[in-house]
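What follows is each chain in one-letter form.
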Amino acid sequence: MSNDKNTQNNQQDLPVLPDANGHFGIYGGRFVSETLSAALDELETLYIKLSKDPAFQQEFDEDLAHYVGRPSPLYFAEQLTKHCGGAKIYLKREDLNHTGAHKVNNTIGQALLAKYSGKKKIIAETGAGQHGVATATVAARLGMECKVFMGSTDIERQKLNVYRMKLLGAEVISVESGTKTLKDAMNDAMRHWVTHVDDTFYILGTAAGPHPYPMLVRDFQSIIGRETIRQCDAQIGRQPDAVIACIGGGSNAIGMFYPYLNMQDVRMIGVEAGGLGLAGDDHAAPLCKGRPGVLHGNRTYLMEDENGQIMGTHSVSAGLDYPGVGPEHSWLKDIGRAEYVAATDDEALAAFRDLTRIEGIMPALESSHAIAHGMKMAKEMSSDQVLVINLSGRGDKDIHTVAGIDGLDV
Amino acid sequence: MSRIAALFLELKKTGKKALIPYVTAGDPNPTVTVDMMHGLVDAGADIIELGVPFSDPMADGPTIQLACERALEHNTSLRDVIAMVSEFRTTNTQTPVVLMGYLNPVEAMGYEAFAQAAQKSGIDGVLMVDMPPEESGNNAKIFADHQLDIIYLIAPTTTDARISEIAKFSSGYVYYVSIKGVTGSAAIDVADVSKNLERIRSRVDIPVGVGFGINNGEAAAAVATVADGVIVGSALVNKIAANASQPEKAISEVQGVLAEMRSAMNANQGS
Ligand SMILES: Cc1ncc(COP(=O)(O)O)c(C=O)c1O
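Per chain, residues are indexed from 1 in the order of the written sequence. Each chain is given a letter, starting from A, and each ligand a number, starting from 1, according to the order in which they appear as written. Residues qualify for local features only when their pLDDT is at least 70, as the model is predicted, and side-chain atom pairs are given and counted only at 80 or more; totals for whole chains, interfaces and linings, by contrast, use all residues. Note that the side-chain values use all heavy atoms of the structure and ignore hydrogens as well as water.

**Description of the side chain of H296(A)**
All names here are of chain A. Numbering goes from the N terminus for both helices and strands, where a helix is a DSSP run of H or I of at least four residues and a strand is a run of E of at least two. For H296, the position within the fold is in the loop between strand 11 (291-295) and strand 12 (297-302). For every residue, the accessible area (1.4 Å probe, protein chains only) is compared with the maximum for its type, and the residue is labelled buried under 20%, exposed over 50%, or partly exposed between those bounds. Residue classification places H296 among the buried residues on the basis of a relative accessible area of 2%. Definition of a polar contact: a pair of N or O atoms within 3.5 Å, with one able to donate and the other able to accept a hydrogen when the atoms are protein atoms, and with sequence-neighbouring residues admitted only if both atoms are side-chain atoms. In terms of polar contacts, H296 uses its side chain to reach the backbone carbonyl oxygen of K183, at 3.3 Å.

**A short note on unusual backbone geometry**
Cis geometry marks the peptide bond from H211(A) to P212(A), where omega comes out at 10°. Within the secondary structure, P212(A) is located in the loop between strand 8 (200-202) and helix 9 (213-221). The step from D27(B) to P28(B) runs through a cis peptide bond, and the omega angle for that step is 0°. Tracing the backbone shows P28(B) in the loop between strand 1 (18-24) and helix 2 (33-42). Here H296(A), not a glycine, exhibits a phi torsion of approximately 50°, which is positive.

**Focus: the domain arrangement of chain A**
Residues and elements named next belong to chain A. Domain delimitation in this document rests on an assignment produced automatically or drawn from a domain database. Domain parsing of chain A yields domain 1 (23-65 + 103-217) and domain 2 (71-100 + 222-405). Distance between the C-alpha centres of domain 1 and domain 2: 22 Å. The interface is formed by 39 residues belonging to domain 1 together with 43 residues belonging to domain 2. When two parts are brought into contact, each loses some accessible area as probed by a 1.4 Å sphere; the total of that loss over both is the buried area. The largest share of the area that domain 1 buries against domain 2 comes from Y27, F31 and R157, three residues that together contribute 22% of it. Each reported salt bridge corresponds to a side-chain nitrogen of Lys or Arg within 4 Å of a carboxyl oxygen of Asp or Glu. If you look at where domain 1 meets domain 2, you find one salt bridge. The residue D321 makes a salt bridge to R157 at a minimum N-O spacing of 2.7 Å. Put simply, domain 1 and domain 2 have 13 residue pairs in polar contact (both at pLDDT 80 or more) between them. Of all the elements in the fold, those that place two or more residues in the side of domain 1 that touches domain 2 are strand 2 (27-31), helix 4 (103-117), helix 5 (130-142), helix 6 (152-157), helix 7 (159-167), helix 8 (182-195) and helix 9. For this analysis, residues touch if any pair of their heavy atoms sits within 4.5 Å.

**Some words on the sheet that holds strand 9 (residues 242-246) of chain A**
All names here are of chain A. Paired strands, in this sense, are two strands between which DSSP finds at least two bridges. Strand order in the open sheet made by the six strands is 3-4-14-9-10-13, with mixed pairing throughout. Two strands lie at the open edges of the sheet, namely strand 3 (74-76) and strand 13 (338-344), each paired on one side alone. For this sheet the average axis-to-axis angle between neighbouring strands, irrespective of direction, equals 25°. Where strand 4 (residues 88-93) and strand 14 (residues 386-391) come together, six bridges link them in parallel fashion. Axis lines are fitted to C-alpha atoms, over the contacting stretch for helices. Their N-to-C directions set the angle, which ranges from 0 to 180 degrees.

**Some points on the packing of aromatic side chains**
All names here are of chain A. A pair of aromatic rings is counted whenever rings of Phe, Tyr or Trp (Trp by its six-membered ring) have centres within 6.5 Å, and the orientation is called stacked for planes under 30 degrees apart, edge-to-face for over 60 and tilted otherwise. One pass over the structure, following the stated rule, counts 14 aromatic pairs over all chains. Cluster of aromatic residues (ring-pair linked, three or more members): Y47, F60 and F220. Only when the NZ atom of a Lys or the CZ atom of an Arg is both within 6 Å of the ring centre and within 35 degrees of the ring normal do we say a charge sits over the ring. One cation-aromatic arrangement involves K333 over Y301; the distance from NZ or CZ to the ring centre is 5.4 Å.

**Here we look at the nonpolar core**
All names here are of chain A. Residues L113, W193, Y202, F257 and Y260 are the most contacted members of the largest nonpolar core, which totals 87 residues. Top element by residues in this core is helix 8. It accounts for seven residues. Formed jointly, this core draws a minimum of three residues from each of two domains, domain 1 (23-65 + 103-217) and domain 2 (71-100 + 222-405). Once residues lying within four places of it in the same chain are set aside, the contact partners of L113 are L43, L46, Y47, L50, F56, F201, L216 and F220. Residues enter a nonpolar core if they are buried and are Ala, Val, Leu, Ile, Met, Phe, Trp, Tyr or Cys, with the set joined through side-chain atoms within 4.5 Å.

Printed below as a string of structure tokens:
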């Protein structure tokens, strides 16, 4: 896909990645058991062919326009800006997409790939349930059988989304192994895929996993950043000083960042889940506190112990509760093009309440991490500066969790 | 010549096939593993595949996932596994040992440090499930420099061209995964395996072991008629799981399964 270049800069453009083997510098790649190699090759070939096919692009664009409701607004959060008393805060409203999060951009794209692949069944992994819901939604529309793998801990804390998936006709498979969260759901989805590789298409939910997933998820999500660039031009007459997004596996963030890569005066800031604080182990912040390793088919920053065993993670938001991160973010961190920070559970919850009360917008707990950091930054900046925060999803699914923290049962 | 190559050469002379059991190191606890290894040899093992426990064994079914969990309850680390092989080698210098597992523990230890320690302990080969040839890069060279054979997987889905590519990187033997699936799933289809082995043998000139879904003497004997080695894992690990609190019994039950396979294979090959 093209790199939009709306601002002049003298710096050299970054290389176009991944390379032919799916590497972003030393990250990414295809670290999978042999049985999956053929399926990943096939997916890569299909994607490369279709991504150059105008008919495919048109079908994707039309689905995004008429089914998802794109473009999503870029909203000037005037009240929040006043409240913070610094930089102007704009919100990219992915929460207004059909199904309530950015996840659907990717599932629409991969569902089209599934259709062209001729495979009849769809599987997905999910953490918060947003990707599961978005996959169940496109499967319903295509009339394809759909199984969603979800850790039993997440099933408990995202009950509403579990029921949504069932209403949409998907089968939700409870994963009881390991830590019973997103990483284990991904393990089981991969295991299922290995066993049913002939008739099953795996719609992976974030910009991680083996090549070509990080590339194709990024490309499908890049609609977020491309629209933001256009909207900033039209509404503000300039590009922002920084774009901010939360990081689970990294798909909403890379979707916002990628079109900005070569506009080097726009800072890019990813916000990981700081959980109970980065001083201890109860967080999900591999870019801030982890080190490079190999998990789920790619080399990337991971939370692991000294023996290379993957650690359990903690976050109040199920969608960020993952010990790895998409490989392109690992590369962007190492070359210094993007910055990665963390917001704690408490900071995210406070931001959830603030945005709800001040703007009447209830953010997903995942997105609340980005809001928390954006508010902090805005306060330190001047009123002629501009921040864009990617509001990756809406918070309806989290009302249960927040009520629980308030000691209520709704 | 590596211990693995020498073994296959020796077996070939007598017309026998290799029996290759897999157990997870540290399962049900780390003190049992060396005794288990000797027990496997006594029951007829030619090569031992020793599993390195990993928190996220993506290519394994529930049986080996749980074995990893039992081993990790005792914090069995890659360094511990290497130490177990050193101890095994104090009385057995003959039986090849292959470490089988996932890449991240090796990545965490460092490739050079791992290869050195592995060579010193008497480990003969490594099989990293999630390290296909295209991701082996410099690691393959480091392993080779330390006289470690690299065993790669070939699957039913592997194309002919890819088999030839894998052949270039492999040493010791190649491991044909007999079914599309994870370890411990469906039973093996010998006719299908036989067809695929023809495809493999015309492109690979080192021995071919076959594993996944071999769970009794009959299956082992049938596979032995077409393959150079018979690899058995989940059928043994199930016995360990069932006797996790009685390690002695776990060893003898595992030996029972393996011995049955050995005698079924020998009965077939004696003719
Ligand atoms: C609303 C929302 N935002 C963010 C995420 C995190 O995923 P990613 O980092 O891939 O955008 C999720 C995941 O479930 C989500 O539901």
